[in-house]
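So you can see what is in the structure, the chains are spelled out below.
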Amino acid sequence: MTAATLPAPDLGTARVTAKGLLLSEWTKLRSVRSLLLTLALSFAFVAGLSAYLLVEGQTLGDSAAAGIPFSFTAVYPLGVLALVVLGVLVVTGEYSSGSIRASVVAAPRRTGLLLAKAAVLTGVTTALGAVMSVLLYLLTRITGAIPSAAGMSLFDPRMFWGVLAGTLLLPFGALFGLVLGSLVRNAAAAITLYFGVFQLGPQIFPAFLPDGVSGFTDWMPFAAMDVVRGAGLADGPYGVGTAVVVLVAWVAALGGVSWWLLKTRDI
């Protein structure tokens, strides 16, 4: 009895497409239980805490927050922290499991692989953030916990831009984590780098730096995120437009280094 031999597939015309890469990254995100759980818990935690404070009739934050109609976004920075971890895991999970080798074989140029990861992660977190913000806005209207938001439409400029700014910080956190994960390829190292340099650094660095250069901490991501979240209604070292440029510059610079290392380093 002889075994039947199947014909080898013809891969001569096979090519990697943007759609294929996006579908592949979407499958990875929704099929890896740890990533899906981290994503769900991140949004559930932020939405749950905000909803609890609103239902309890608190105005989220100090007394100044009562005059900011979108102050229900005050806890969004906690979501940013969780999504940074998610972004790190999206990349480093593939390196730790070894599946990155198959991904690189499928996309040998590698650039599309990194861009597809970023696109899927930011797309999903933006969509979930938008849904969460709309639901919290509706809860704000129902509870009346923020006096300055009473009767205010979501599309009122005083509300809309603040909600939009706070919401977009969530995918920024995920993207920033992805960049750090791509940079060091190790989850523990990337998370330590984030908390040691970007989270705690602005409080620690000024104590060890000369007065003339200690002000650079105002240009670190967390300082810029605070300016963006204030949407022009809170004091800051510079304006919202400048803060957006700062955030984009950080992602572009670190992402550029990550891309170069991905292209040049062995897997």
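Residues numbered from 1 in each chain as written. Predicted model: local features only at pLDDT ≥ 70, side-chain atom pairs only at ≥ 80, totals over all residues. Heavy atoms only, no water.

As recorded in an unreviewed UniProt entry, the protein goes by ABC transporter permease subunit and comes from Streptomyces thermocarboxydus.

Asker: Just to check I follow, could you spell out the pattern of salt bridges for this structure?
Answerer: If charged atoms from side chains of opposite charge come close, those side chains can pair. Inspection of every chain in the model, using the stated rule, returns 5 salt bridges. Where Glu25 meets Lys28, a salt bridge forms, and the shortest distance between an N and an O atom there is 2.9 Å. Taken together, the residues span about one helical turn, with Glu25 and Lys28 both in helix H1 (residues 18-31) at a distance of 3 residues. Glu25 gets classed as buried once you look at its relative accessible area, which sits at 5%. A salt bridge links Lys117 to Glu94, with the nearest nitrogen and oxygen atoms 1.9 Å apart. Placement of the pair is Lys117 in helix H5 (residues 111-143) and Glu94 in helix H3 (residues 76-97), with a sequence separation of 23 residues. Assigned by exposure class, Lys117 and Glu94 land together as buried. Sharing partners across several salt bridges, the network here consists of Glu25, Lys28, Glu94 and Lys117. (Salt bridge = Lys/Arg side-chain N within 4 Å of Asp/Glu carboxyl O. Helix = DSSP H or I, 4+ residues; strand = E, 2+ residues; numbered from the N terminus. Buried < 20%, exposed > 50% of the residue type's maximum accessible area, 1.4 Å probe, protein only.)

Asker: Honestly, the UniProt feature "transmembrane region" (unreviewed entry) in the protein in this entry has me stumped. Any pointers?
Answerer: UniProt annotation of "transmembrane region" (unreviewed entry) refers to residues 35-54, 74-93, 114-139, 159-180, 187-209 and 238-262 when read in the numbering used here. End-to-end, the C-alpha atoms of residues 35-54 are 29 Å apart, and along that stretch the chain is 100% helix and 0% strand. Along residues 159-180, the helical share is 100% and the strand share 0%, with 32 Å between the first and last C-alpha atoms. (UniProt positions renumbered as here; feature names shortened; annotations may be inferred.)

Asker: Help me understand the environment of Gly201, please; the structure alone is not making it clear to me.
Answerer: Position of Gly201 among the secondary structure elements: in helix H8 (residues 201-204). The spatial distance from the C-alpha of Gly201 to the C-alpha of Thr217 is 7.9 Å, given a sequence separation of 16 residues. When sequence neighbours within four positions are dropped, the list of residues in contact with Gly201 reads Phe195, Gly196 and Pro206. (Contact = heavy atoms within 4.5 Å.)

Asker: Explain empty space enclosed by the protein to me, please; I cannot follow it from the model alone.
Answerer: Using a probe with the size of a water molecule, rolled over the atoms, empty space left in the structure can be pinpointed. In total, this model carries 2 cavities of 30 Å³ or more according to the counting rule given. The calculated volume of the largest cavity comes to roughly 90 Å³. As for the largest cavity, its lining consists of Val91, Tyr95, Ile100, Leu113, Leu114, Lys117, Ser182, Ser258, Trp259 and Leu262. Breaking the lining of the largest cavity down by element, the ones donating at least two residues are H3, H5 and helix H10 (240-264). A per-class count over the lining of the largest cavity returns 7 nonpolar, 2 polar and 1 charged. Of the voids in this model, the second largest cavity is the one considered here, and its volume is about 30 Å³. In terms of lining residues, the second largest cavity is bounded by Pro77, Val80, Leu169, Phe222, Met225, Asp226 and Arg229. Sorting the residues of the lining of the second largest cavity by element identifies H3 and helix H9 (221-230) as the ones contributing at least two each. At 4 residues, the largest contribution of residues to the lining of the second largest cavity is made by H9. Of the residues contributing to the lining of the second largest cavity, the split by class is 5 nonpolar, no polar and 2 charged. (1 Å grid on protein atoms, 1.4 Å probe; cavity = no way out; pocket = protein on both sides within 12 Å on 5 of 7 lines; lining within 4 Å. Points joined across faces, edges and corners; volume = space filled by probe spheres on them. Nonpolar A, V, L, I, M, F, W, Y, C, P; charged D, E, K, R; others polar.)

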